[in-house]
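# Coordinates in review
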Amino acid sequence: MSWGTELWDQFDNLEKHTQWGIDILEKYIKFVKERTEIELSYAKQLRNLSKKYQPKKNSKEEEEYKYTACKAFLSTLNEMNDYAGQHEVISENMTSQITVDLMRYVQELKQERKSNFHDGRKAQQHIETCWKQLESSKRRFERDCKEADRAQQYFEKMDADINVTKADVEKARQQAQIRQQMAEDSKADYSLILQRFNQEQWEYYHTHIPNIFQKIQEMEERRIVRIGESMKTYAEVDRQVIPIIGKCLDGIVKAAESIDQKNDSQLVVEAYKSGFEPPGDIEFEDYTQPMKRTVSDNSLSSSKEGKPELRFGGKSRGKLWPFIKKNKLMSLLTSPHQPPPPPPASASPSAVPNGPQSPKQPKEPLSHRFNEFMTSKPKIHCFRSLKRGGVTPEDFSNFPPEQRRKKLQQKVDDLNREIQKETDQRDAITKMKDVYLKNPQMGDPASLDQKLTEVTQNIEKLRLEAQKFEAWLAEVEGRLPARSEQARRQSGLYDGQTHQTVTNCAQDRESPDGSYTEEQSQESEHKVLAPDFDDEFDDEEPLPAIGTCKALYTFEGQNEGTISVVEGETLSVIEEDKGDGWTRIRRNEDEEGYVPTSYVEVYLDKNAKGAKTYI
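What counts as what
- Residues numbered from 1 in each chain as written.
- Predicted model: local features only at pLDDT ≥ 70, side-chain atom pairs only at ≥ 80, totals over all residues.
- Heavy atoms only, no water.
- Helix = DSSP H or I, 4+ residues; strand = E, 2+ residues; numbered from the N terminus.
- Buried < 20%, exposed > 50% of the residue type's maximum accessible area, 1.4 Å probe, protein only.
- Contact = heavy atoms within 4.5 Å.
- Areas by Shrake-Rupley, 256 points an atom, 1.4 Å probe, with all protein chains shown as cover.
- Core = buried A, V, L, I, M, F, W, Y, C linked by side-chain atoms within 4.5 Å.
- Phe/Tyr/Trp six-rings, centres within 6.5 Å; stacked < 30°, edge-to-face > 60°.
- Axes fitted to C-alpha atoms, helices over the stretch in contact; angles between N-to-C directions.
- Parallel < 35°, antiparallel > 145°, perpendicular 65-115°, else oblique.
- Left-handed = near helix turned anticlockwise from the far one by under 90°.
- Nonpolar A, V, L, I, M, F, W, Y, C, P; charged D, E, K, R; others polar.
- pLDDT = per-residue confidence, 0-100.
- Pairing = 2+ DSSP bridges.
- Polar contact = N/O pair within 3.5 Å; in protein donor to acceptor, adjacent residues only side chain to side chain.
- Expected span 1.5 Å × (residues − 1).
- Arc of directions from axis to C-beta.
- Salt bridge = Lys/Arg side-chain N within 4 Å of Asp/Glu carboxyl O.

### Examining the overall build of the protein
Each helix and strand counted, the protein has 11 helices and 8 strands in total. Considering the protein as a whole, with its 615 residues, one finds that 37% of them fall into the buried category. The contacts of the protein with a sequence gap of at least 6 include a subset with a gap of at least 24, amounting to 72%. When the accessible surface of the protein is split by element, carbon and sulfur atoms take 52% of a total near 37,300 Å².

### Focus on the nonpolar core
Counting 39 residues, the largest nonpolar core has L25, Y28, M94, I98, F213 and I216 as its most contacted members. Contacts of I216, omitting those with residues within four sequence positions, involve W3, T18, N116 and F117. In this structure, A551, I563, L571 and I585 belong to the second largest nonpolar core, which totals 16 residues.

### Here we look at the packing of aromatic side chains
What the rule picks out here adds up to 12 aromatic pairs. Measuring from ring centre to ring centre gives 5.9 Å for F141 and Y190, while their planes differ by 5 degrees; the resulting arrangement is stacked. Of this pair, F141 sits in helix α4 (residues 68–160) while Y190 is found in helix α5 (residues 166–257), placing the two residues 49 residues apart along the sequence. Each of the two residues, F141 as well as Y190, counts as buried. Judged by centre distance (4.7 Å) and plane angle (85 degrees), the rings of Y204 and Y205 are edge-to-face.

### Some details on the packing of helix α2 (residues 11–52) against α5
Running from N to C, α2 and α5 point in directions that differ by 15 degrees, and their axes come no closer than 11 Å. By the criterion of interaxial angle, the relationship of α2 to α5 is roughly parallel. Judged by the twist between their axes, the crossing of α2 over α5 is left-handed. Residue composition of the contact of α2 with α5, by class: 15 nonpolar, 4 polar and 4 charged.

### Details of the confidence of the model for the protein
For the protein, mean pLDDT is 75; residues scoring 70 or higher make up 72% of the total. Ignoring residues within four places in sequence, the model shows residues 292–334, a span with pLDDT below 50, making 115 contacts including any to other chains. In this model, residues 481–539 is a region of pLDDT below 50 whose contacts with residues beyond four sequence positions or in other chains number 165 contacts.

### Some thoughts on the pairing of strand β6 (residues 591–596)
The buried fraction of β6 amounts to 5 of the 6 residues, a majority that puts the element mostly inside the structure. In terms of strand pairing, strand β5 (residues 582–588) meets β6 through 6 bridges, oriented antiparallel. Paired with R584 across the bridge in β6 is Y594. Here β5 folds back onto β6 in antiparallel fashion, the turn holding 2 residues.

### Examining the side chain of S91
Structurally, the position occupied by S91 is in helix α4. S91 sits in the buried class, given a relative accessible area of 3%. When sequence neighbours within four positions are dropped, the list of residues in contact with S91 reads T36, E39 and L40.

### Structural notes on the side chain of H87
Along the chain, the position of H87 falls in helix α4. Engagement of the side chain of H87 in a polar contact is seen with the side chain of E39, the distance being 2.5 Å. Sequence-distant contacts of H87, that is, excluding residues within four places in its chain, are made with E39, Y42, A43 and L46.

### Description of helix α6 (residues 261–272)
Look at α6: 17 Å from first C-alpha to last across 12 residues, which is about the 16 Å you get at 1.5 Å a residue. For α6, every residue scored as buried is listed here: D264, L267 and A271. Buried residues along α6 cover an arc of 55 degrees about the axis, so they all sit on one side. Next to the buried residues of α6 lie α4 and α9 (401–438). Between the side-chain oxygen of the N-cap and the backbone nitrogen of K262 there are 3.1 Å, and the N-cap of α6 in question is D260.

### Some points on the pairing of strand β3 (residues 547–551)
Alternating residues of β3 divide into G547, C549 and A551, all buried, and T548 and K550, none buried. Note: β3 against strand β4 (residues 570–575), 4 bridges, orientation antiparallel. Pairing of C549 across the sheet is with L571, part of β4. As defined by bridge partners, β3 adjoins strand β7 (residues 600–604) across 5 bridges and the pair is classed as antiparallel. Of the residues in β7, the one forming a bridge with G547 is L604.

### Re the pattern of salt bridges
On inspection of all chains with the given rule, the structure shows 24 salt bridges. Taking the shortest distance from any N to any O, the salt bridge between R222 and E112 comes out at 2.4 Å. You can see R222 sitting in helix α5 and its partner E112 sitting in helix α4, a full 110 residues away along the chain. Relative accessible area serves as the criterion here: at 37%, R222 is assigned to the partly exposed category. Overall, the relative accessible area of 27% leaves E112 in the partly exposed class. For R463, the salt bridge identified is with E460, shortest N-O distance 3.9 Å. One end of the pair, R463, and the other, E460, are both in helix α10 (residues 449–479), 3 residues apart, so they sit about a helical turn from each other. A residue is classified by how much of its surface remains accessible, and E460, at 41% relative accessible area, is partly exposed.

### A look at the environment of R113
Within the secondary structure, R113 sits in helix α4. In this structure, the C-alpha to C-alpha distance between R113 and I22, residues 91 residues apart in sequence, is 9.7 Å. The contact partners of R113, leaving out residues within four places of it in the chain, are E15, T18, Q19, I22 and M219.

Next up, the structure:
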């Protein structure tokens, strides 16, 4: 089957068909190009997704990746990054092996098609020219025959007429002969041109056109084969990365299987272990005995003989917080732990019948809060340096012993690394100085003296700093095993000091935002208390009022530690706002609590510390 013999008369249709084939090839190239763009976009989105969830350096989030589950998630992110890389490989291979190659082939195909059809048109023009010559010679032969016939008839007519002279007859005879000769010459020329045209026509339909159409057929078949090969390459490019993608997925599975819940649980223990012992049983205290009695060594409200004990200045009362009267204890244990509500938006507070409600939280029994207060992470030390929003002490003394030891150990390791870094730098400078001394043309040795001095001073500073932290670390490590149960239970009050009287230490109290502050009043002074104290537990002396306040809005204190007020009510202020949005007030000697600062207008006494008016 050949286009040259079967389609000898379909030159125009073949031209249209081959152009359609090139359009199909260009359409496929466009399809592959858009696929590569999709692969690149997908890879970019996967990389951005992986980068988005990567832990930020030098952040708390980075510390969380010590857990196996977080490590597995990090491995998944890394595998997804590699997964994205394989899609980039797909895009690159399709571009280089298909798109670029086919675009070059299309240009060659267009040039070849143009050449073949140019040859076809040239052959058509030649045969058309031969046909025109044949038609011209044919018409000339026909014309000469007709003129010869007319000349012969005119001669015969003149020859039959008796009135015509002999000279006219001879002239007519000669003209007829000339016309007859012209007709013979036209006949010979027409015959020759016809023979040549038939030869050209045979060659055109049996040689030239079949050859040209055969080339066009071969060109079209190569195009079809090429697009088929490109489709195979398209599939192979995908198939080549499947094993690598499978390895990425296997890596994710392996990371998931590496998760160890027991190890994570142990890491939680190491991260939050305080080093304290749980409080022991409280022994029964028999109040039927004489006034002077020995309190149990394990009692939270007393200490062993010779140990420092809390005593509020000026009086012989040795009560600790478990024996504070109920409303004061409730205020300490149940103060609100959330930001205060905003004041009503309306101009008139009466527009809101009950005023804004503070966020409701489920109340816990006093026994639960009491137990939580005893067994929670100790708020240790006298908090002299721990103001509201204060900075962590340099020796990490606000941390529990075990956590403090870890922080100190980490600090020592960091300082040792810095010392090693500075030492390496000093050694390098020293070697460079020796080189300059041996080869003065390379540099001035004196130019390195200042830098060498700075590095040496830095090393000395870092060593002193390291020694300081090593001393604290040795103190903590030496104290942890030797701490008795009583010392552990009292660590939240005495800062682990058992050899010195604690004086001028602020009274620990939990503020509305859950932090601890210190009171500067005279009642917060701690003194040593003898083991024996009065049997009578008189009431705790209330905090002195530092001013008054007027309620601007009605507030229903439904949270623990808050108190309800009515618009226009005047109350006593016993503690001003410490920056957390709450003010502590008292209605009478037995009823006190916190209200939002924005709900009251406060008037502090002029003699009070920081006296000013809040609206």
